[in-house]
Every structure is written in structure tokens, then in C-alpha cells.
Amino acid sequence: MEQPVCLVANPADGELEVTEEALEALRGVDQPVVVVAVAGLYRTGKSYLLNQLAGRRTGFSLGSTIQSHTKGIWMWCLPHPRRAGHTLVLLDTEGLGDVEKSDTKNDAWIFALAVLLSSTLVYNSKGTIDQYAMEQLHFVSEISTHIRTKAQAEDGFEDDTQYSRFFPKFIWAVRDFTLELKLNGREVTEDDYLENALARRKGFTKEVTQYNLPRDCLRNYFPSRKCFVFVPPVAGEEMSRLCTLPDSALHPHFLAQAASFCEYVLRESQVKTVPGGQPVTGRLFGALVQSYVGTIRSGQVPCLDNAVTAMAAIENEAALREALAHYAAGMGGLRLPAELGELSAAHGTCEGDALRLFMQRSFKDEGYTYQKRLMEAMKESYGRLLGQNEAASKDSCRALLETLSAAMRKQLGDGVYSQPGGYELYLRDRNQVVEDFRKTPSKGVKAEEVLEQFLASKRSEAESVLSVDKKMTEAEKDLATQRQKAELLEQQRKAAEEKRLQTEQLMKDQERSHQENVKQLEAKVAEEAANAKQEAERALQSKLGEQEAMLQQGFKEMAQMLGEEIAELRKEITRSKEQELLNTAKVLAKALTMAYEAWGRGDQDAPPPPGARPARDPGGGYDPGWQRRL
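Residues numbered from 1 in each chain as written. Predicted model: local features only at pLDDT ≥ 70, side-chain atom pairs only at ≥ 80, totals over all residues. Heavy atoms only, no water.

Chemist: How would you sum up the overall build of the protein chain? Please name residues and give values.
Modeler: Each helix and strand counted, the protein chain has 20 helices and 12 strands in total. Expressed as a percentage of contacts within the protein chain between residues at least 6 apart in sequence, the contacts between residues at least 24 apart total 72%. (Helix = DSSP H or I, 4+ residues; strand = E, 2+ residues; numbered from the N terminus. Contact = heavy atoms within 4.5 Å.)

Now the structure itself:
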């Protein structure tokens, strides 16, 4: 994108709405997105930081008056400068606390959207991190009324201990900072400065509770925190021309601090994910924005679970269409008629590729609904292709035999075979037709069946020629008749063998499909379990850090409460390991059960499960033992 566009409009009537221009841009982004949002009070220079991250002098509008310049949420999509194959999405949010607003209720929603949509959230303020700055960040204390993690909260209360698992990295950018970074006479880092500002006070009075509330929320909701302080870039009267001034006119310390800030943000900001660890592409990001804003417009509270479920339905449907299109494109290039081995190999390759493509894009496919639809659709498509191939083979073989036997029909019409010795001549010509037919390549899967039908149709014709051949004795005619019957029986055997081999190949195809399905499903289950485990382990590490900090500050009760959360997380990690094994067992058991059920029904296309013989096996008949083994 050459310039930023409005993502979420905030018109005068107060109804937030997603713009079609932004959605259209996001639909074209198939790469994973790294989303950096900047929020903060109006007129604090948020847009300047984003332009620096974009590597541009201009882009997001800075404005040069006391009025708030950015309305709603603006978006700029750019190639990520540090990560190939990724898109950097910068979000500039409307300044909070604009005194010109008649209704400030959307401030909280805009802040909530910044939290929900970003993988890194930069909070921009001026001066110092003092009690006034904390009070201005009251939106953090109100998050539980604007964001839910689950649709059904236990006891009607939102479990805010889950926020730390899904919330973005938090960076506090303090602009126009003129103090020395010292505490109790010793120099400290910017991060030490932030953590000291977030330290709790002891006591239970109303004042102490109000003092601790925003600090507790910041610590609990955003376990990954960072602080950057910026000296004033220029003298006050020059601030209105900041975007037009050359770097040589800016304070060297400011330039160094801005460079350090950009380096950290671009290096440490991760790909945006949703609960379950699913990476978000530009297309999915657009669906996420629509879901959250639509919920807000309906008067409800945005819920992570609901948004992910809605997004999964859209993405899984798209993954299904894409996989089927890939399969159809691969199989559509085959020239019919073709040998079954060629069709089978192409089907196996295209089916495996389509399934992998589906697995890469799909997520949260509850009950494997979309995967089942994919496998059924490919099976039906392959079945139709097999039918088309059989029809093409029949047509091709009949046309070939029609051409090869044209000379015989003429000879028959001219009475050549009605003369003494005509039967021997007839047999020679017919055998030559059969020989030429067999030598012709690319006849397809119905060659022997069509040849059987051709020879059967010539039986009465051969008997007529034989009956009028005066050169042959009655004994020779009887012998010729027996030989002709034997030849027809042999051709019937060849046609039956052709069909048996094809049925066997189809069974192998179906078995291969089952095996590929199980393999891909097992890999997907393992991936999802690993993502869930990583989420829990990250949350565990952050809680352990917070617990240590509380103990050092003397808040034993807070540390004890965190200990309960830590114990639950450890249980969850243990359960996730057990669940991973259980899920694998379920996948294999489900596949085996489906195979036995299909076999028990006598489904000709079903592969034989371990230990079972085909219901229509010519050599064995139906195997009743499968039920006992199951």
C-alpha cells in the first residue's frame, strides 16, 4: 500500500464501521501479518512513531494543531523489512480523551480493538509515568467489560487470568521525557523505570485499591512489557513541522532512541495469532476486524472464542474450495481414455496435495467436518472421472473394432466367406482384427470387455459361415464349434480378470486415501496440541515471573493467588501431553472403525481393514470375524 487507508471509521453518529477499501486490500494479502498498533491520548505523536516504523517521512497524518487528527483506526500494509514472506500491518488509532468529542464511549472500544487486533501494542504518552498517566490509562482497568475470552463465562464472570495468553506485547513509549533515569540515586534502565512505576502499594484503603488497580491490570494482562523514553526532538515551536524537518535538525538522542525503538519493534513483534496458535493472514485479519466490529455494533462484547469460530468457518470453507480446485485442476489435465494405473497415480498425487493444502489453511475444524467433506467430494469426483474414463474407453474400443472389421464386413457382403474354405478365411481375418486390436495402444480400461462383446456379436455370423462351408466335414464343423465356444469362454475370463484387477486397484486407491487422511489428520492434531501447549507454557513463564516479583515486593497473598494459577497451568500442560496421545489414538481408532463399518456394509470401494477379507472376495466370501475383532 502506497498510503494508509481507514480500516475502522468512527463517524459523528458514533457507529464504528469497517471500510470496504481496507477489506479489499486485506483480501489480497495471503502472507502472515505482524500487527503493530499505537494507542494513546490525542496529540501525543502516535503517527510519527508509525511513520518511523514504515521507514517513511510521511504517511500517517501528523497534524499540526491542538485538534485530534486521526479518526477511527487507520491501517498501512507494507512488506516486513526483516521477515521475508510476511506483511507488516501498522494501525494508527484515534487519540483517546479528545475534549471535542460529545460522546467518548468509543474510546474504550477503539482501545479494545487495538488490543484485540495487534501482536504488539504501543501506548504513547507524554512527560512521565506518574499517577496522572496511570489514571489516563483507565481503559486497561475496564478491559474485562469490553473483551471476553469465552462465550460462556463461569458464574457469569469473565476469567481475566486468560488475557495474558492472548494479549499482545505491551510497549510504553514516553515522549518528551526530560528527567534523569535514576532511582534512589542510581541509574536504571527504561524497563526498570516502567516496572518501578507499576509497583504496588500495601494497604486496603480505597485510595490504595484505586492506585493498585491499573498497575495490577497492566502486570496481569500484559506479561511482556517494554519501555522507551524519548527526549523532545526539537524546540516547542518547531514541533508542528516535525515531519518536514531533516534528521540533522532533530536532537541526536531522539534519533538514537527512535532507531532503538524501531529496531526492537521490528525484531520482537511476532506474527498475529488467535487462540489455538493459528497464524493470521491478511485475509483472516480482515475477517477478524469484521467480526469484532460487527459484535460491537450489535451491542455485544467482543469474544475471542466466537470471533475465532466465525473466522474458522470462513477460512475452512475457503480452504475446502481451494483444495477441491487444486484437485480438479490436477485431474482435469488427464487425457481419456487412460489406463487405470495412470488415473490411480494421478488421483493419489492430487488427493495428497489437495489434502496438504487444506490442512495448511484450515484450523479449528470441529469434528473434522470440512475434512470429511473434502474427502467425500474428491471420492465423488474420482468416481465420476472413472465413469467418464470407462465410457471413453468403450467408445474408443468400439470405434477401433468398427474400423478394423470394415474389410470383413465387405468380404461378408461380397460372399467371399460363402465359398468352400470360407470359414478358414473368416477365422484368419477375424483373428487378424483381434491381433490388430490388441496391438493398438491407449484403449483404456474396457478393452477386454468390449472385445468380448464384439466376439459374442460375431458368434451367429461365424456359425452361418461355418454351416455353408462345403469344404469341411461335419466332424470338423463340430470341432470348430467347440473351439469357438472355448475361445469365447477364454475371452470372458480375460474380461472378468480385467474387471477383477481394476476392482483390486480401486480398493488399493481407497486404502491409500484412508492412510493419507489418517497421516495428515494425525499431523494436524499434533500441531494443534503443540500450539496449545506453547500457549500454556508462555502463560506459565509469565506467571512465574509475576509471582517472583510479588514475593520480592512482599505481597505474599498476591504470590499465593498466582501460585494457584501456576498450579492450574502446570496441570493443563500435563493434560495437553496426555491429550496429544489420546487424540492420536482417537484418530487411528476412528479411521479403523470407519474402515470396518464400510467393510461390514459390503462397500465395494472400501479398503479391507486389518484381518478382514473382502465381502466379495472370489476366493473367500464374506468374513464375519471382523465384528468380533472390532
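Next comes the rest of the description.
Chemist: Explain the nonpolar core to me, using residue names and the numbers behind them.
Modeler: Formed by 70 residues in total, the largest nonpolar core has its most connected members in Leu 7, Met 75, Leu 91, Phe 111, Trp 172, Phe 222 and Phe 285. The element that contributes the greatest number of residues to this core is helix H3 (residues 105-117), accounting for 10 residues. Filtering out sequence-adjacent residues up to four positions away, Phe 222 remains in contact with Val 115, Leu 121, Val 140, Ile 143, Phe 167, Pro 168, Phe 170 and Cys 217. Formed by 30 residues, the second largest nonpolar core is a distinct cluster that contains Leu 50, Ile 171, Leu 250 and Tyr 264. (Core = buried A, V, L, I, M, F, W, Y, C linked by side-chain atoms within 4.5 Å. Buried < 20%, exposed > 50% of the residue type's maximum accessible area, 1.4 Å probe, protein only.)

Chemist: Can you tell me about empty space enclosed by the protein, naming the residues and giving the values?
Modeler: For the coordinates displayed, the defined rule picks out 4 cavities of 30 Å³ or more. Within this model, the largest cavity holds a volume of roughly 90 Å³. Val 115, Leu 116, Phe 166, Phe 167, Lys 272, Thr 273, Val 274, Pro 275, Leu 288, Tyr 292, Leu 304 and Val 308 are the residues that line the largest cavity. Here the lining of the largest cavity is built from residues that sort into 10 nonpolar, 1 polar and 1 charged. (1 Å grid on protein atoms, 1.4 Å probe; cavity = no way out; pocket = protein on both sides within 12 Å on 5 of 7 lines; lining within 4 Å. Points joined across faces, edges and corners; volume = space filled by probe spheres on them. Nonpolar A, V, L, I, M, F, W, Y, C, P; charged D, E, K, R; others polar.)

Chemist: Explain the packing of aromatic side chains to me, and be specific about the residues and the numbers.
Modeler: To describe a pair of aromatic rings, one takes the distance between the centres and the angle between the planes. Enumeration according to the criterion identifies 16 aromatic pairs in this entry. Judged by centre distance (5.5 Å) and plane angle (90°), the ring pair of Phe 228 and Phe 261 falls under edge-to-face. Residue Phe 228 is located in strand E10 (residues 225-229), and its partner Phe 261 is located in helix H9 (residues 252-268); the two are separated by 33 residues in the primary sequence. Among the aromatic side chains, those forming a connected cluster through ring pairs are Tyr 123, Tyr 163, Phe 167, Phe 170, Trp 172, Tyr 221 and Phe 222. (Phe/Tyr/Trp six-rings, centres within 6.5 Å; stacked < 30°, edge-to-face > 60°.)

Chemist: Before we move on, can you summarise the environment of Val 465 with the specific residues and values?
Modeler: Mapped onto the secondary structure, Val 465 falls in helix H17 (residues 459-467). Overall, the relative accessible area of 5% leaves Val 465 in the buried class. Taking the C-alpha atoms as reference, Val 465 lies 9.8 Å from Leu 427; in sequence the two are 38 residues apart. Setting aside residues no more than four positions away along its own chain, Val 465 makes contact with Leu 412, Tyr 417, Gly 422, Tyr 423 and Tyr 426.

Chemist: Can you lay out the sheet that holds strand E1 (residues 5-9) for me, pointing to particular residues and giving the numbers?
Modeler: Sheet architecture is open: 8 strands sit in the order E2-E1-E4-E5-E3-E6-E7-E10, paired in mixed fashion. The outermost strands of the open sheet, each flanked by one partner alone, are strand E2 (17-18) and E10. Alignment of strand E4 (residues 73-79) against strand E5 (residues 87-93), held across 7 bridges, turns out to be antiparallel. Bridging from a neighbouring strand, Cys 77 pairs with Val 89 of E5. Against the sheet, helix H2 (residues 46-54) touches strand E3 (33-40), E4, E5, strand E6 (120-126) and strand E7 (169-175), its axis set at about 170° to E5. (Pairing = 2+ DSSP bridges. Axes fitted to C-alpha atoms, helices over the stretch in contact; angles between N-to-C directions.)

Chemist: An account of the pairing of E10 is needed here, citing residue identities and associated values.
Modeler: Buried residues dominate E10, accounting for 4 of its 5 residues. The pairing of E7 with E10 spans 5 bridges and is parallel. Each bridged residue has a counterpart across the sheet, and for Phe 170 the counterpart in E10 is Arg 225.

Chemist: Break down unusual backbone geometry for me, citing the residues and quoting the values.
Modeler: A cis amide bond links Leu 336 to the next residue, Pro 337, at an omega of 0°. For Asp 176, which is not glycine, the phi dihedral falls at a positive 55°. By the element assignment, Asp 176 lies in the loop between E7 and strand E8 (182-183).

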